[in-house]
Amino acid sequence: MTRPGSAELPSDAGGSAARSAHMFQGLRRGRRGRGGGEPTVVPEAEFRSYYGRPVLKAPVWEWKIAAYLFCGGLAAGSSVVAAGADLTNRPTLRRSSRLGSLGALLASLYFLVSDLGRPERFHHMLRVLKPTSPMSVGTWILSAFGAGAGAAAVSEVVPSRLRRTWPARLLHRLARPLGVSAAATAPGVASYTAVLLSHTAVPGWSEVRDELPFVFVGSAAASGGGFGMICAPVSEAGPARAFAAAGAAGELVASRVMEHRLGLVGEVYREGHVGRLRRASEALTAAGLAGTLLVAHRSRAGAAASGLALLAGSALQRFGVFEAGVASTKDPKYVVVPQRERLDVRNGVGRES
């Protein structure tokens, strides 16, 4: 049945007309002035690739790399807390943080080497220092950090019967400067992995190259402070609480700024499994921050609960960023659209429109 004043078209003609209308939808702005422009015959782009394959090959890394990112941040944050505890004469906090830093460092190396499959690859990176390579610089930073953090931790577990020997006395004297040196390199350990990820072609990481280091550093501080709050009594955990609060606040702010500045790629951070990880991370970090400020200075149980929330939030932050990068390689639009936008800006199209 046709409406008055209209003609009924055959089915094939109707389909042809529909296709023509679809092709002519929208107006293209002219390069001169702000008039209506001319109709375009180019249909809307569909982001497909040859044979349905992704434009980028997904990272071959497994979940172990996300665990490596978290443990490396925890090692860095704990070393800073340990140095602060040493300088302010808080032995329990110093001992637990030094041992925690070494344990997290060994765990991060295990996850890294396990995913690489060949332990000698880490050794091969020490053959040369290449300042333009985040991997090369990171390997050297990690090596320098590990030497100081490891020696400081070993000094805490020397058996009492050996403490009077000259090697033990020498190690005890060197523990403080070595611990401070580890704390000095800790920001590099916490942030170099963010630089490493953002220098890949993966859009979920490369598009956040400016904000991701701040997210990782804040996450490392929150986890290191949270670990100290769990292990030390309330009377000694003051530096850990301050460090955890500063790190958690910085992580929350940097994470929000990162998501706000993201364009289309921000979808992978907000939707699906990655979105759930990120929201859980933010909720746990915010809860840990609130507990640190309100109850951790009065209750050992409150301090432990706040520290656990910060640790969990930090871990989910790293897993969320890792999964976001993997997810961004599976849809061609996350690769093509940002590239076209940058090309338009470079050619001046953005200024003309």
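Residues numbered from 1 in each chain as written. Predicted model: local features only at pLDDT ≥ 70, side-chain atom pairs only at ≥ 80, totals over all residues. Heavy atoms only, no water.

Looking at the protein chain as a whole, its pLDDT mean stands at 82, while 76% of the residues score no less than 70. Overall, residues 1-37 carries pLDDT values under 50, and its contacts beyond four positions in sequence, including any with other chains, amount to 25 contacts. (pLDDT = per-residue confidence, 0-100. Contact = heavy atoms within 4.5 Å.)

It is worth spelling out empty space enclosed by the protein at this point. Applying the stated criterion across every chain, the model contains three cavities of 30 Å³ or more. Estimated volume of the largest cavity: approximately 90 Å³. Taken together, E251, L252, S255, E259, R278, S281, E282, T285 and Q317 form the lining of the largest cavity. Elements with a minimum of two residues in the lining of the largest cavity: α9 (238-261) and α11 (272-294). Grouping the constituent residues of the lining of the largest cavity by class yields one nonpolar, four polar and four charged. The computed volume of the second largest cavity comes to approximately 80 Å³. Surrounding the second largest cavity, S79, A82, A83, D86, R98, S101, A149, A152, R176, G179, V180 and A182 form its lining. Of all the secondary-structure elements, those providing two or more residues to the lining of the second largest cavity are α2 (63-87), α3 (91-116), α5 (134-154) and α6 (166-198). Residues that form the lining of the second largest cavity fall into these classes: six nonpolar, three polar and three charged. (1 Å grid on protein atoms, 1.4 Å probe; cavity = no way out; pocket = protein on both sides within 12 Å on 5 of 7 lines; lining within 4 Å. Points joined across faces, edges and corners; volume = space filled by probe spheres on them. Helix = DSSP H or I, 4+ residues; strand = E, 2+ residues; numbered from the N terminus. Nonpolar A, V, L, I, M, F, W, Y, C, P; charged D, E, K, R; others polar.)

On to the nonpolar core. With 45 residues, the main nonpolar core has Y68, F145, W205, L212, F216 and Y269 as its most contacted residues. Where this core is concerned, the elements lending two or more residues are α2, α3, α5, α6, α8 (212-231), α9, α10 (266-270) and α12 (300-328). If near-sequence neighbours (up to four positions away) are discounted, Y68 is found in contact with S108, F111, L112, Y192 and T193. Residues M229, A240, A296 and A303 belong to the second largest nonpolar core, which totals 15 residues. (Core = buried A, V, L, I, M, F, W, Y, C linked by side-chain atoms within 4.5 Å. Buried < 20%, exposed > 50% of the residue type's maximum accessible area, 1.4 Å probe, protein only.)

It is worth spelling out a nonpolar patch on the surface at this point. A cluster of nonpolar residues, L99, V154 and V157, forms a patch on the protein surface that exposes about 210 Å² of accessible area. One can find V154 in helix α5. (Patch = residues over 30% accessible without salt bridge, like charges linked within 9 Å, V, L, I, M, F, W, Y side chains within 5 Å. Areas by Shrake-Rupley, 256 points an atom, 1.4 Å probe, with all protein chains shown as cover. Salt bridge = Lys/Arg side-chain N within 4 Å of Asp/Glu carboxyl O.)

On to the layout of surface pockets. A volume near 320 Å³ is recorded for the largest pocket. Along the walls of the largest pocket sit 15 residues, with R94, R98, S155, H172 and A175 positioned nearest its centre. The set of elements that each furnish at least two residues to the lining of the largest pocket consists of α3 and α6. It is α6 that provides the largest number of residues to the lining of the largest pocket, a total of seven residues.

Okay, the environment of L142 next. Within the element layout of this structure, L142 appears in helix α5. In this structure L142 comes out as buried when scored by relative accessible area, which is 6%. As a C-alpha pair, L142 and Y192 span 50 residues in sequence and 9.3 Å in three-dimensional space.

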